[in-house]
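Listed below are the residues making up each chain.
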Amino acid sequence: MGDGTGAVLDLVAAVREGFARVESFPQWEELAPQQEPATMSPAPTRTDPSRLSPMANAIRALSMDAVQAANSGHPGMPMGMADVATILWSEYLKFDPADPHWPDRDRFVLSAGHGSMLIYSLLHLSGYARPTMDDIRNFRQLGSPCAGHPENFLLDGVECTTGPLGQGVAMAVGMAVAERHLNSQFGDDLVNHRTWVIAGDGCLMEGINHEAIGLAGHLQLGQMIVLWDDNNITIDGPAGMSTSEDIPARYRATGWHVVSCDGHDPADIRRALDEAVADGRPSLVACKTIIGKGAPSKQGTSATHGAPLGADEIAAARTELGWTAAPFEIPAEVLTDWHATGARGAAENGAWQGRLSSDAERKAKFTGWMTSVADLAGPALEQHIAALAAEPKAVATRKSSELALGPLTAALPQMIGGSADLTGSNNTKTPSTDPLTAEDYAGRYIYYGIREFGMAAAMNGMMLHGGIVPYGGTFLIFSDYCRNAIRMSALQQVGVVYVLTHDSIGLGEDGPTHQPVEQVMSLRLIPNLNVYRPADSIETAECWALALQTPKTPSVLALSRQNLAPMRGTGDENWTAAANRSAKGAYRLRRASAERKVVLVATGSEVELAAQVAEQLEASGIGADLVSMPCADLFDAQDAAYRADVFPAEVLKISIEAGVTQGWERYTGLDGINIGLDRFGASAPAEELFTKFGFTAEAIVPQIINKLNS
């Protein structure tokens, strides 16, 4: 297949005949039915071949010099993928450095985040305001936005934080889902862009890659293209030391289009990219490269992977590449060529802005859709909360969550839900959320299958893309499967909502493999993550409102399987439906009637138990405050006076939570009592388990009285 527009048109003609021959390395040749391309883009502008090599060498020079100056980093990948990146950036990628948040820009994800100098070089050379050359000169140093791995909150143009291998690919799946969904709402003239990924061998080995590409293939996300840096090298040495799998076959088996190219031949790179753009399936482009290309004695070896090249090797590489500029200097003509790459995107952005402004009503809808829902969540739930207070009912908080999601998803079209094959257990689907499928991207509910990690990372990508507020469900115990993606939500400052049900031994007969013990407390350890464990329907609705009001902080809703008695209602102190008492993280639910001697603090299903304990203590003349703590993270953020009022110094404090006790000492003090479960659970009905492990008023009250008397 030839170069340029003719290649695209020839391939499309073959598609319309029902098949196409996809050529790659001989051993990868295939005959497969093809799909219509999702869109027909204009042929890319071709860069003068004589200018491509110096442009690519600018990436190589900056990468090896920055890593050398930092005395740490990964020069090999940027040097090996410099040719592919130069072709992509200058001829295919749609971007505008002057407007880095343009909604219809292509998304570029460097999944192989260890090669961060590739994206820093690309951003600087193509004209983004930052990183400056000083930023690059201070690569990996305190205060520089050029961190060891790319961080989305430090630099425009870095679409997501990468480094944990494979998650970039999975987040890109979420971005591609978001693009197709928004396209279904606003059409090609406002939403029509691609998601490009550069991934390495490590990204493709990680288990999350299997989850991500399976979902992408199933949803036929043809706007997603992964460029595999196929250099056959890992840190330990040749990839063959640890793997012999047929990666292209694995991708084909999940419904992907696969093509390969010589990653150092511009014409062959273009041929492969043209085929990928023309195919209606997600594409893997296997770019056969030489890691560390240009370093004469180290290229093609693991010596270039994770360490500076050294002064002598860099000097030899400059000779090999014909690069005469001093470190951190780019010849004017090369910089001019690089700056020209952004001009094409500026023109496309201008045309897009014109289309957006041509219809005032549609512009208002689009800009409103892309705006945070933070101010809308609370009002959307006021009538629902008022109804709950008027007619309190005992329901499981997973059901309470479903009831809150009803009005939320009806009022907020940005919300897209889903579950990792536990929809009926997580209660995450509502009448407003029809399935999102390959046949109907307008749907708002994703059946993720048994892919907890892939689901969590994809939701990060959706939120990072913009225009989508994702929530997804699984059992709390399986948060361990997706924990690093939850951590990445917090690190990247994206307000994904994790609906994690079956939150304690209260799930009963499934036993200790499924009963969370340490999960709630361990999730509280993650910075910038709000962990909510509501006690009843009203608290659950309040926690949903709070979760949606923090677009830069992700949330976990830990919800019960078993029914919980209503703890709140119109009889509450200072009751109004709009007064979100959970917003302070912890609050006094009941005041002591007798002289206060103890404060009981509990979460979730144990708040009802704490109320029973308080009642028995009061009957014995012992005044007991009852504190509900739906979110310790929010409570810790309150001022000292409020915290001291909730937990006064002079009284005995008792925590009750059906999980590990470690961590509760910060509220009860070392002289308090911590009622919990510092062991694994057992398989039995929930009521029997709570009795066996001491979660009854009859078991707890004597401990408190003995402590007071001692």
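These numbers were taken from a predicted model, which means no experiment stands behind them.

The rules behind these values
- Residues numbered from 1 in each chain as written.
- Predicted model: local features only at pLDDT ≥ 70, side-chain atom pairs only at ≥ 80, totals over all residues.
- Heavy atoms only, no water.
- Disulfide = S-S within 2.5 Å.
- Buried < 20%, exposed > 50% of the residue type's maximum accessible area, 1.4 Å probe, protein only.
- Pairing = 2+ DSSP bridges.
- Helix = DSSP H or I, 4+ residues; strand = E, 2+ residues; numbered from the N terminus.
- Axes fitted to C-alpha atoms, helices over the stretch in contact; angles between N-to-C directions.
- Core = buried A, V, L, I, M, F, W, Y, C linked by side-chain atoms within 4.5 Å.
- Contact = heavy atoms within 4.5 Å.
- 1 Å grid on protein atoms, 1.4 Å probe; cavity = no way out; pocket = protein on both sides within 12 Å on 5 of 7 lines; lining within 4 Å.
- Points joined across faces, edges and corners; volume = space filled by probe spheres on them.
- Nonpolar A, V, L, I, M, F, W, Y, C, P; charged D, E, K, R; others polar.
- Salt bridge = Lys/Arg side-chain N within 4 Å of Asp/Glu carboxyl O.
- Phe/Tyr/Trp six-rings, centres within 6.5 Å; stacked < 30°, edge-to-face > 60°.
- Lys NZ or Arg CZ within 6 Å of the ring centre and 35° of its normal.

Student: Looking at this structure, I do not really get the state of the cysteines. What am I missing?
Tutor: Working definition of a disulfide: a covalent bond connecting the sulfur atoms of two cysteines. Applying the stated criterion to the full structure yields zero disulfides. The thiol of cysteine 203 is unpaired, and the distance to the nearest cysteine sulfur, on cysteine 160, comes to 11 Å. Residue class for cysteine 203 comes out buried when judged on its relative accessible area of 0%.

Student: Looking at this structure, how should I read the sheet that holds strand β11 (residues 415–419)?
Tutor: Two strands in a sheet stick together by hydrogen bonds in their backbones, pointing the same way (parallel) or opposite ways (antiparallel). Here six strands make up an open sheet; going across it, the order is β12-β11-β13-β14-β16-β15 and the pairing parallel. Looking along the sheet, the strands with just one partner apiece sit at the ends: β12 (445–447) and β15 (530–532). Each neighbouring strand pair of the sheet contributes to a mean axis angle of 20°, computed without reference to strand direction. By the bridge criterion, three bridges tie β15 to strand β16 (residues 555–559) in an arrangement that is parallel. Of the residues in β16, the one forming a bridge with asparagine 530 is serine 555.

Student: Any chance you could explain the nonpolar core here in plain terms?
Tutor: When a protein is soluble and globular, its nonpolar side chains tend to lie buried together. Ranked by internal contacts, the top residues of the largest apolar core, which has 132 residues, are Phe108, Met224, Leu227 and Val285. Of the residues forming this core, the biggest block, 11 residues, is contributed by helix α7 (residues 167–186). Residues in contact with leucine 227, not counting those within four places in the same chain, are Met81, Val84, Leu88, Val197, Ile198, Ala199, Leu273, Val285 and Cys287. If you look at the next biggest cluster of nonpolar residues, it comprises 50 residues, including Val599, Ala602, Ala624 and Leu677.

Student: For this particular structure, what's the right way to read the sheet that holds strand β5 (residues 224–230)?
Tutor: If you walk across this open sheet you meet the five strands as β3-β4-β5-β9-β8, and the pairing is parallel. Across the chains shown, the open sheet's two edge strands, defined by having one partner strand only, are β3 (107–110) and β8 (257–262). Within the sheet, the average angular offset between the axes of one strand and its neighbour, ignoring direction, is 20°. Across the face of the sheet, helix α11 (residues 266–278) comes into contact with β4 (195–199), β5, β8 and β9 (283–288) while running at roughly 170° to β8.

Student: Quick question: what am I supposed to make of the layout of surface pockets here?
Tutor: Taking a probe equal in size to a water molecule and rolling it over the atoms shows the remaining empty space. The computed volume of the largest pocket comes to approximately 840 Å³. What lines the largest pocket is a set of 35 residues, and nearest its centre among them are Met463, Leu464, His465, Gly466 and Val494. Residue assignment for the lining of the largest pocket shows that the elements contributing at least two residues are α18 (452–465) and α21 (537–548). Top contributing element to the lining of the largest pocket by residue count: α18, with three residues. Taken together, the residues of the lining of the largest pocket sort by class into 17 nonpolar, 13 polar and five charged.

Student: What's the story with empty space enclosed by the protein in this structure? I'm lost.
Tutor: The tally for this structure, following the rule as stated, stands at three cavities of 30 Å³ or more. In this model, the largest cavity occupies a volume close to 70 Å³. Forming the boundary of the largest cavity are Trp89, Leu93, Phe95, Pro100, Arg105, Asp106, Phe108, Leu123, Tyr128, Gly157 and Glu159. Taken together, the residues that form the lining of the largest cavity break down as seven nonpolar, one polar and three charged. Estimated volume of the second largest cavity: approximately 50 Å³. Every residue lining the second largest cavity is listed: Asp503, Pro516, Val517, Val520, Met521, Arg533, Glu657, Ala658 and Gly659. Here the residues of the lining of the second largest cavity sort into five nonpolar, one polar and three charged.

Student: What is the right way to read the pattern of salt bridges from this model?
Tutor: It is possible for side chains of opposite charge to pair when their charged atoms get near one another. Considering all chains together, one arrives at 27 salt bridges under this definition. Ionic pairing is found between lysine 94 and aspartate 104, a salt bridge with its closest N-O pair at 3.0 Å. On the criterion of sequence distance, the pair formed by lysine 94 in the loop between α4 (82–92) and β3 and aspartate 104 in the loop between α4 and β3 is long-range, its members being 10 residues apart. Taken together, the shared-partner salt bridges in this structure form one network comprising Arg46, Glu91, Arg270 and Asp274.

Student: So what exactly am I meant to see when it comes to the packing of aromatic side chains here?
Tutor: Each aromatic ring pair is specified by the distance between its two centres and by the angle formed by the two planes. Applying the stated rule across the entire model yields 19 aromatic pairs. Where tryptophan 352 meets phenylalanine 366, the ring centres are 5.7 Å apart and the plane angle is 70°; that geometry is what we call edge-to-face. Of this pair, tryptophan 352 sits in helix α13 (residues 332–357) while phenylalanine 366 is found in helix α14 (residues 360–369), placing the two residues 14 residues apart along the sequence. For the pair tryptophan 352 and phenylalanine 366, a shared accessibility class is recorded, and that class is buried. Grouped by ring-pair contacts, the aromatic residues Phe635, Tyr642, Phe647, Trp664 and Tyr667 constitute a single cluster. The lysine or arginine in question, lysine 429, covers the ring of tyrosine 445, its NZ or CZ lying 5.9 Å from the ring centre.

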